[in-house]
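# Structural overview for review
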Amino acid sequence: MKAWQFTAIDEPLRKVDVADPEPGPADIIIDTGAVGLCHSDIGFMDGTITELLGHVPIILGHEIVGTVSAVGSDVTEFATGDRVGVPATTDGPGTALNGGYAQKVKVPAHLPVKLPDGLSFRDAAPATCSGRTAYRAVHTAGRVESGMKVGIIGFGGLGYFGVQIALAAGAIVFVSELNESRWPLARELGAKACSKDIRDFESEQLDLIIDFAGADGTLSSAVDAIRHSGRIVEVGLGVATSSVSIPNITMKEVRIVGASNGTKEEARAILALVAEGSVRPNTEQIAFDDIPEGLRRLEQGVTDARLIAVL
C-alpha cells in the first residue's frame with residue numbers, strides 16, 4: 001500500500017510502499033476513507049512533541065475514519081463493511097502506532113466507534129480529534145446548561161466546534177478572537193458578540209469561559225472576565241506557563257479545570273451532533289498525494305478550514 005512516512009525531525013514526509021497490515025487477534029484493519037490533518041502532526045515533525053511517538057519511522061495521521069476490511073479472530077464488536085472512526089489517543093494509530101496517512105491502517109479493536117448512518121467520512125474525520133476535544137471542554141469539563149453565558153477564547157479549529165456545541169446546548173455565546181476576519185463566521189453560527197479580548201464581556205457575567213487558545217495572557221484575561229464562582233476550562237497549549245491574579249481567583253472563587261481529548265463516549269456524542277446537523281465541520285477536501293503540502297499550509301497558518309485527505 002501507499003503511505004506517507006515520518007522519518008526524522010525537520011524532514012519532509014516520504015511516500016513509501018509498505019506491506020498491507022495484517023490484523024492480530026484483537027485488531028481490525030480499516031481501509032482509510034478520510035484522514036484529517038492536525039497541528040499535532042507539525043509538532044511531531046518539528047521536534048516539539050516528537051517524544052510522544054511510539055517509534056520512528058512512523059506513518060502519521062490520527063484523525064482516521066474508514067471501512068473495516070478485516071477483523072482479528074477475537075474481535076466481536078466489528079465486522080467487515082462497518083464504517084468506523086478512531087478517536088485520537090496517545091497510544092493509538094498516528095502516535096504510538098502507524099496511522100492513517102496510508103491506504104490501510106491496523107487498529108486495536110477497543111479504540112474505534114461506529115459512525116452514524118449517512119455521516120460522510122469528510123465530516124466525521126475532524127470529529128474524532130478536535131470535535132471530541134471541544135465536546136469534552138464544553139460538556140464534561142464545562143458542565144454547560146441551557147441559558148448559560150459562555151465565553152469562547154480562540155475561534156480556530158477547536159473554537160469553531162466549541163461555539164457550535166455550546167449553542168446546540170442552548171448557551172449564549174461570546175467569542176474572543178484576535179483575527180477579526182473570523183468574526184463574521186462566528187456571528188453566522190450564532191455567537192452573540194465578538195471581541196479581541198474576553199474582558200470586554202466582563203459585564204455580561206459569564207458563567208463559563210473556555211480557553212481554546214492557551215496563549216500568553218488568555219487565562220489571566222479569563223480570570224478577570226469570569227463572574228463570581230464561575231468556571232474556566234483550559235484547553236489550549238499555546239504557551240507552557242501563564243501568570244494569573246491569585247487575588248482574583250481567590251476572591252471571585254473561580255473554578256479552573258483542564259480538559260484534554262476525551263473518551264469514546266464523547267466521540268459518539270459529537271459524531272451524533274454532526275450527523276444530525278447541530279454541528280457543522282469547516283473542512284477542505286484534499287487528495288492523498290497532497291498531504292505533505294497540506295501540512296505545510298497548516299504550519300504556515302494559511303487555512304482556517306480543517307484539511308481532510310479523502311481517499
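Computed from a predicted model, the values in this text were never measured in an experiment. (Residues numbered from 1 in each chain as written. Predicted model: local features only at pLDDT ≥ 70, side-chain atom pairs only at ≥ 80, totals over all residues. Heavy atoms only, no water.)

This part is about the nonpolar core. Core analysis: the largest hydrophobic core is formed by 44 residues, its most contacted members being Ile-152, Ile-165, Val-175, Ile-210, Val-233 and Ile-270. Looking at this core, the elements that each hand over two or more residues are helix 2 (121-141), strand 9 (149-153), helix 3 (157-168), strand 10 (172-176), helix 4 (183-189), strand 12 (206-211) and helix 7 (264-276). Per element, the largest residue contribution to this core is nine residues, and it comes from helix 2. Core analysis: the next-biggest nonpolar cluster, separate from the first, contains 36 residues, Val-16, Val-35, Ile-59 and Ala-102 among them. (Core = buried A, V, L, I, M, F, W, Y, C linked by side-chain atoms within 4.5 Å. Buried < 20%, exposed > 50% of the residue type's maximum accessible area, 1.4 Å probe, protein only. Helix = DSSP H or I, 4+ residues; strand = E, 2+ residues; numbered from the N terminus.)

Quick look at the environment of Leu-237 now. By the element assignment, Leu-237 lies in the loop between strand 13 (226-234) and helix 6 (246-251). For the pair Leu-237 and Gly-214, spaced 23 residues apart in sequence, the C-alpha to C-alpha distance is 4.9 Å. When neighbours within four sequence positions are excluded, Leu-237 is seen to be in contact with Ala-213 and Gly-214. (Contact = heavy atoms within 4.5 Å.)

Scanning the model with the defined rule gives 17 salt bridges in all. The partner of Lys-149 in a salt bridge is Glu-204, with the nearest N and O atoms 3.1 Å apart. Residue Lys-149 is found in strand 9, and its partner Glu-204 is found in the loop between strand 11 (193-195) and strand 12; the two are separated by 55 residues along the sequence. Across the pair Asp-304 and Arg-182 runs a salt bridge whose closest N-O atoms are separated by 2.8 Å. In this pair, Asp-304 is assigned in the loop between helix 8 (291-300) and strand 16 (306-310) and Arg-182 in the loop between strand 10 and helix 4, connecting sequence segments 122 residues apart. (Salt bridge = Lys/Arg side-chain N within 4 Å of Asp/Glu carboxyl O.)

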